[in-house]
Amino acid sequence: MIKKLLNKYGSPLYVYDKSILIKRCNEMIEFKNRLENNLNVDISMHYSIKANENLSLLKIIKDCGLKVDSMSELELYLSRLVGFNKDEILYVCNNITEKEMKNVHDNNILICLDSISQVETWGKNFPNTNIMVRINTGILGVGHSDKVITSGKVTKFGIAISEINELFNIIKKYNLNIIGVHEHLGSLFLNDKMDNYLEGIESFLKVVVSYFPNVEIIDLGGGFGVPYKDEDRLDLNLLCKKLTDLLKKYIKQLHLKEIKFEPGRYIVCECGKIYGIVTSIKKLNNYYIGTDIGMNDLIRPSMYDAYHKIELSPKRDTEKIIANFCGTICESSDILGKDRIVNMPKVNDNVVIYNTGAYGYSMSSNYTGRLRGAEVLLDGDKDILIRKRETIEDIINLQK
Ligand SMILES: Cc1ncc(COP(=O)(O)O)c(C=O)c1O
């Protein structure tokens, strides 16, 4: 199967399983429905496109009933292309230009602004409009790496509590209406960090009650984690119950019409794998299994020290070795997995990297002139090409 697909579509190859994607979407919809029943407030699940922006996956996510969160012109364009209507799109952005703001405004999309400076720029250009603002309560967020913790004293995100008076002055000056407030604590919490996540949410809710009691919308961001190694799955029933108890305490002091979430990873991560080829085996201080998959195809291990399960195919009955899996890139950080105990493979065996549906292709690059692999959707026994492999022509055309 792996070989057949690599022969057909080239290597490396991003492969997505439609049934897993739909399962995760449905779990998010169930979570939404349960919370909605418990709280009697509309709940919206906005899939965070940054995790994976492939149009075919977006279409499936849309068909499952999710909305989207976009953060760039391309993501907004893609959202419109697959048919999300303007009310289903939220633009959660960071440090954007006036030109980009104009595009959001002209598309009639609700924007969530992340600094008083950006609120000033928006207000100057588009007075008398509705906006959302992103708040940073100063409480440390949660995430799998410091690089993706997005709340707390040492992050670039949000408007600090100390800036709220100034925010209100700007709002007044341009007659803006803050209809919603947002906080995204960070990316990837599991059961062991659920209480930290809820503490972060509670500190946010206290700020909403104190400073923004009349908003219609609160947005609690994304961050729902998936197990990469052997952790337990996020207990969505428990999370729903704990969120219900917490939100009940605060929303009676508010006039909310809607609570938004922005899950990215939870939806697309587990449906994706990368297939590749073992290209060399050597022993230095350690065994190194060289593959044609590099940090340009999957940057998470080198960027965050993230763990991804890796398997070799075929399974061999050879000696066990401890090896680092690595790619084609001219950096020592080009490691896909460290100290993995595997049976000694042969050159041209295949390699499979798991849980690459989120922040895999979307964070890939052409570094050292590597072309991005194709993307294929597995739908039952069908394999469907959903993005062609990049060609040298594609790259050259941009420079002509
Ligand atoms: C504002 C915002 N919302 C949602 C997400 C999605 O996070 P996750 O994929 O962890 O659910 C991110 C990710 O960085 C984000 O920055």
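This one's a predicted model, so the numbers in the text were calculated from it and none came from an experiment. (Residues numbered from 1 in each chain as written. Predicted model: local features only at pLDDT ≥ 70, side-chain atom pairs only at ≥ 80, totals over all residues.)

Moving on to the overall build of the chain. When helices and strands are counted, the chain shows 12 helices and 18 strands. Principal-axis analysis of the C-alpha atoms gives the chain an extent of 70 × 50 × 40 Å. A buried classification covers 43% of the 400 residues belonging to the chain. Across the chain, contacts joining residues at least 24 apart in sequence account for 71% of those joining residues at least 6 apart. (Helix = DSSP H or I, 4+ residues; strand = E, 2+ residues; numbered from the N terminus. Buried ≥ 20, exposed ≤ 12 C-beta atoms within 10 Å, placed from the backbone. Contact = placed C-beta atoms within 7 Å.)

Our next topic: the nonpolar core. The nonpolar side chains of soluble globular proteins are, as a tendency, buried together. In terms of nonpolar packing, the biggest core is built from 96 residues, with Tyr91, Ile111, Ile131 and Val133 touching the most fellow members. Looking at which domains feed residues into this core, each of domain 1 (2–15 + 269–397) and domain 2 (41–263) gives three or more. Once residues lying within four places of it in the same chain are set aside, the contact partners of Val133 are Cys112, Leu113, Val119, Ile159, Leu167, Ile178, Val181 and His182. (Core = buried A, V, L, I, M, F, W, Y, C linked by C-beta atoms within 7 Å. Domains from an automatic or database assignment.)

Relative to the helices and strands, Ile171 resides in helix α7 (residues 164–173). Taking the C-alpha atoms as reference points, Ile171 and Leu78, separated by 93 residues in sequence, lie 31 Å from one another.

Around the ligand sit 18 residues, and of these Ser48, Ser187, Gly222, Gly264 and Arg265 come closest. In the shell around the ligand, the residues fall into 6 nonpolar, 8 polar and 4 charged. (Near = placed C-beta within 6 Å. Nonpolar A, V, L, I, M, F, W, Y, C, P; charged D, E, K, R; others polar.)

Further remarks concern the environment of Ala374. Among the secondary structure elements, Ala374 is positioned in strand β17 (residues 374–379). Apart from residues no more than four positions distant in its own chain, Ala374 is found in contact with Tyr9, Gly10, Leu13, Leu385, Arg387, Lys388 and Arg389.

Domain annotation for the chain reports domain 1 (2–15 + 269–397) and domain 2 (41–263). The distance between the C-alpha centroids of domain 1 and domain 2 comes to 33 Å. When contributions to the side of domain 1 that touches domain 2 are tallied by element, the ones reaching two or more residues are β17 and β18 (382–387). The residue makeup of the side of domain 1 that touches domain 2, split by class, is 9 nonpolar, 4 polar and 3 charged.

Okay, the pairing of strand β5 (residues 110–113) next. Of the pairings in the sheet, the one linking strand β4 (residues 89–92) to β5 comprises 3 bridges and is parallel in character. Bridging from a neighbouring strand, Leu90 pairs with Leu110 of β5. Handedness of the crossover joining β4 and β5 through helix α5 (residues 98–106) is recorded here as right-handed. Of the pairings in the sheet, the one linking β5 to strand β6 (residues 130–136) comprises 2 bridges and is parallel in character. When the sheet's bridge partners are listed, Cys112 is paired in β6 with Met132. In this view, the connection linking β5 to its parallel neighbour β6 by way of helix α6 (residues 116–125) has right-handed handedness. (Pairing = 2+ DSSP bridges. Right-handed = clockwise from strand over helix to strand, strands pointing away.)

Note: strand β11 (residues 272–283) against strand β12 (residues 287–291), 5 bridges, orientation antiparallel. Each residue of the ladder has a partner; that of Lys283, found in β12, is Tyr287. Hairpin connection between β11 and β12: a loop of 3 residues separates the two successive antiparallel strands.

The subject of this paragraph is unusual backbone geometry. Of note, the bond from Ser11 into Pro12 is cis; its omega dihedral lies within 30 degrees of zero at -5 degrees. Among the secondary structure elements, Pro12 is positioned in the loop between α1 (2–9) and β1 (13–17). Of note, the amide linkage connecting Ser313 to Pro314 takes the cis form, showing an omega dihedral of 0 degrees. Mapped onto the elements, Pro314 comes out in the loop between β13 (310–313) and β14 (320–326).

Turning to the packing of helix α2 (residues 18–39) against helix α3 (residues 55–63), a few remarks are in order. Between α2 and α3, whose axes approach to 9 Å, the crossing angle comes to 40 degrees. The angle between the axes of α2 and α3 places the two elements in the oblique class. Here α2 and α3 pass one another in a crossing that is right-handed. Where α2 approaches α3, its residues Lys18, Leu21, Ile22 and Cys25 are matched on the opposing element by Leu57, Ile60 and Ile61. (Axes fitted to C-alpha atoms, helices over the stretch in contact; angles between N-to-C directions. Parallel < 35°, antiparallel > 145°, perpendicular 65-115°, else oblique. Left-handed = near helix turned anticlockwise from the far one by under 90°.)

Contact pair helix α8 (residues 194–211) / helix α9 (residues 236–251): the axes reach a minimum separation of 10 Å and the direction vectors enclose 20 degrees. Between α8 and α9, the interaxial angle falls into the category roughly parallel. Between α8 and α9 lies a crossing of right-handed hand. For the pair α8 and α9, the contacting residues are Met194, Leu198, Ile201, Glu202, Leu205 and Val209 in the first and Leu239, Lys242, Leu246 and Tyr250 in the second.

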